[in-house]
Amino acid sequence: MSEDTATARRVIGVEEHAWTPELRRALLRWGGDATVNKMSSQGEVNLRLLDVGEERLARMDASGVDMEVLSITTPGTQPLPPQVAVPLAREANDVLADAVRRHPDRFAAFATLPTSDPQAAAAELERAVTLGHVGAMLFPRTSEIFLDHASFRPVFEAAAHLGVPLYIHPAMPPRKLIDTAYSGFDEMTGLLLSTGGWGWHSEAGLATLRLILAGTLDRHPDLQIVLGHWGEMLVPFADRADLLSTAAPHLQRRVLDYITGNLAVTAGGLYSHRMLSAAVDVLGPDRVMFGADSPYGAPTTEDGQEHRGLGGVDSRGTFGGPGGARGFVDQAPLDERGRDKLGHLNAERILRLSRPATS
């Protein structure tokens, strides 16, 4: 690969988080889980979530990211009662839209939706798209109810009508499930087991599989769903999950066909080339995108220092330092066209992002 090729390649991060002071306060009061209480609301992570301006741009430059698709961090407004969630979602989406207006060549945004009021959530998605949002980010459950429940159909109908994708991001399992399946260890082990080490991803993959089995993608065959972390356990398990096709004669296609035809994936901060290769093996090179999971993981600073802790080192390995995002893309085990697809072409197509005049 020539130096000119590496320099020219655009890198778009598709899972990059933010929030507002008002949402932080509401989650701490009404429904913050352990990721809110012990990680997102604390110290440097909180400050970086609040920043959608110059400091974030500097961190992007340091890691080699040209554009971030901003999204409100987990659990969004979904745990909040409707009277709280609806105005906070609207305000948060306005904040992200303003960031995009100020830096249209550096930011795009997913909407956050107040799913405790599904009709209001659908209306907010429609409003957000008029502001320029490229889709919405959802989390697997509202209270303990998965997204495939009939009450949430207005949200999927709105996304399908608008032609925008839905990103299903992990969130913590319900407390009862944590106590049953993720307890019995020290606090840190239990927290990571129920979140980034396993439980988060199981929740997101199961939520997506349930949407397939509930016929969501038969009702909306063109709807695209995006998953982080190379497919949230579902994509690498796709051949086995296809066993469900034999028990679901109501579906119009095999389970595997929905996975390969309606899902796309991002790195979600998991800088693993072998997991990228596995995702490409299942989905092909046109459905994989980069994502840094900013500001979580190992923050990149000008001096290359890493800040460790609950918001610290993620699965970045040798790509955790300055230029790591671009390095991950440029060294991906793909041909040059495949690296371009991973870095920016797939995101531009799936999210309908405009390209700079020089791209």
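In case you missed it, the structure is sitting above this.
Residues numbered from 1 in each chain as written. Predicted model: local features only at pLDDT ≥ 70, side-chain atom pairs only at ≥ 80, totals over all residues. Heavy atoms only, no water.

Draft legend 1. Structural detail: the overall build of the protein chain. The number of helices and strands found in the protein chain is 17 helices and 11 strands. In terms of overall size, the protein chain behaves like a compact globule, its C-alpha atoms giving a radius of gyration of 19 Å where 359 residues would be expected to give roughly 21 Å. Judged by the C-alpha coordinates and their principal axes, the protein chain covers about 50 × 45 × 45 Å. Buried residues in the protein chain amount to 59% of all 359 residues. (Helix = DSSP H or I, 4+ residues; strand = E, 2+ residues; numbered from the N terminus. Rg over C-alpha atoms; globule rule 2.2 N^0.38 Å. Buried < 20%, exposed > 50% of the residue type's maximum accessible area, 1.4 Å probe, protein only.)

Draft legend 2. Seen up close, helix H4 (residues 43–50). By the burial criterion, the buried members of H4 are Val 45, Asn 46, Arg 48 and Leu 49. One side of H4 holds all its buried residues, which, seen down the axis, span an arc of 165 degrees. (Arc of directions from axis to C-beta.)

Draft legend 3. Up close: the nonpolar core. One finds Phe 156, Trp 230, Ile 259, Phe 290 and Leu 342 to be the most contacted residues of the largest nonpolar core, which totals 87 residues. The element best represented in this core is helix H6 (residues 82–102), accounting for 7 residues. Those residues within four positions of Ile 259 in sequence are excluded, and the remaining contacts are Ile 212, Leu 234, Val 235, Ala 238 and Leu 283. (Core = buried A, V, L, I, M, F, W, Y, C linked by side-chain atoms within 4.5 Å. Contact = heavy atoms within 4.5 Å.)

Draft legend 4. The arrangement of the side chain of Asp 33 in detail. Mapping Asp 33 onto the fold places it in the loop between helix H2 (21–31) and helix H3 (34–40). At 8.8 Å, Arg 175 is the nearest oppositely charged side chain to Asp 33, a buried residue that forms no salt bridge. For Asp 33, the side chain forms a polar contact with the side chain of Thr 35, separated by 2.4 Å. With sequence-adjacent residues up to four places away left out, Asp 33 is seen in contact with Pro 75 and Met 172. (Lys, Arg positive; Asp, Glu negative; His and termini not counted. Salt bridge = Lys/Arg side-chain N within 4 Å of Asp/Glu carboxyl O. Polar contact = N/O pair within 3.5 Å; in protein donor to acceptor, adjacent residues only side chain to side chain.)

Draft legend 5. Looking closely at the packing of aromatic side chains. All chains considered together, the criterion is met by 6 aromatic pairs. Ring centres 6.3 Å apart and planes at 35 degrees place the aromatic pair Trp 230 and Phe 328 in the tilted group. Here Trp 230 is found in the loop between strand S9 (225–227) and helix H13 (238–241), whereas its partner Phe 328 is found in helix H16 (residues 324–330), with 98 residues between them in sequence. Classification of Trp 230 as buried rests on a relative accessible area of 2%. For Phe 328, a relative accessible area of 0% gives the class buried. Clustering of aromatic rings is evident, with ring pairs tying together Trp 230, Tyr 271, Phe 290, Phe 319 and Phe 328. (Phe/Tyr/Trp six-rings, centres within 6.5 Å; stacked < 30°, edge-to-face > 60°.)

Draft legend 6. Examining the sheet that holds strand S11 (residues 288–289) more closely. The parallel open sheet is built from 6 strands, whose spatial order is S4-S5-S8-S9-S10-S11. In the strand order of this sheet, the two ends are held by strand S4 (111–112) and S11, each with one partner. (Pairing = 2+ DSSP bridges.)

Draft legend 7. Seen up close, the sheet that holds strand S1 (residues 12–18). One open sheet accounts for 3 strands, arranged S1-S2-S3; its pairing is parallel. If you trace the sheet from one side to the other, it starts and ends with S1 and strand S3 (107–109), each paired once. Each strand axis lies, on average, 35 degrees off the axis of its neighbour in the sheet, ignoring direction. Direction of pairing for S1 relative to strand S2 (residues 67–72): parallel, over a ladder of 5 bridges. The residue bridging Glu 16 from the neighbouring strand is Leu 70, located in S2. Docked against the sheet, helix H5 (residues 54–63) engages S1, S2 and S3, running at close to 130 degrees with respect to S2. (Axes fitted to C-alpha atoms, helices over the stretch in contact; angles between N-to-C directions.)

Draft legend 8. Structural view of the pattern of salt bridges. Under the criterion given, the structure shown has 22 salt bridges. The partner of Asp 51 in a salt bridge is Arg 59, with the nearest N and O atoms 3.7 Å apart. The class of Arg 59 is buried, set by a relative accessible area of 14%. Between Arg 127 and Glu 124 there is a salt bridge, with the nearest N and O atoms lying 3.0 Å from each other. Of the two residues, Arg 127 and Glu 124 both sit in helix H7 (residues 118–131), 3 residues apart, roughly one turn of that helix. Using a relative accessible area of 6% as the deciding quantity, one classes Glu 124 as buried. One network of salt bridges, in which partners are shared, links Arg 9, Asp 330, Glu 336, Arg 339 and Asp 340.

Draft legend 9. Representation of the packing of H7 against helix H8 (residues 153–162) in the model. Running from amino to carboxyl end, H7 crosses H8 at an angle of 20 degrees, the nearest separation of the two axes being 8 Å. Classified by the angle their axes make, H7 and H8 are roughly parallel. In terms of crossing hand, the pair formed by H7 and H8 is right-handed. Along its contact with H7, which presents Pro 118, Gln 119, Ala 121, Ala 122, Leu 125, Glu 126 and Val 129, the element H8 presents Pro 154, Val 155, Ala 158, Ala 159 and Leu 162. (Parallel < 35°, antiparallel > 145°, perpendicular 65-115°, else oblique. Left-handed = near helix turned anticlockwise from the far one by under 90°.)

Draft legend 10. View of the pairing of S2. Among the 6 residues that make up S2, 6 are buried, leaving the element largely enclosed by the rest of the structure. Sheet topology note: the S2/S3 ladder contains 3 bridges and is parallel. By the bridge assignment, Leu 70 is partnered in S3 with Ala 109. After leaving S2, the chain enters H6 and then returns to the sheet as S3, a path that is right-handed. (Right-handed = clockwise from strand over helix to strand, strands pointing away.)

Bear in mind that shape data such as this cannot, by itself, settle questions of function.
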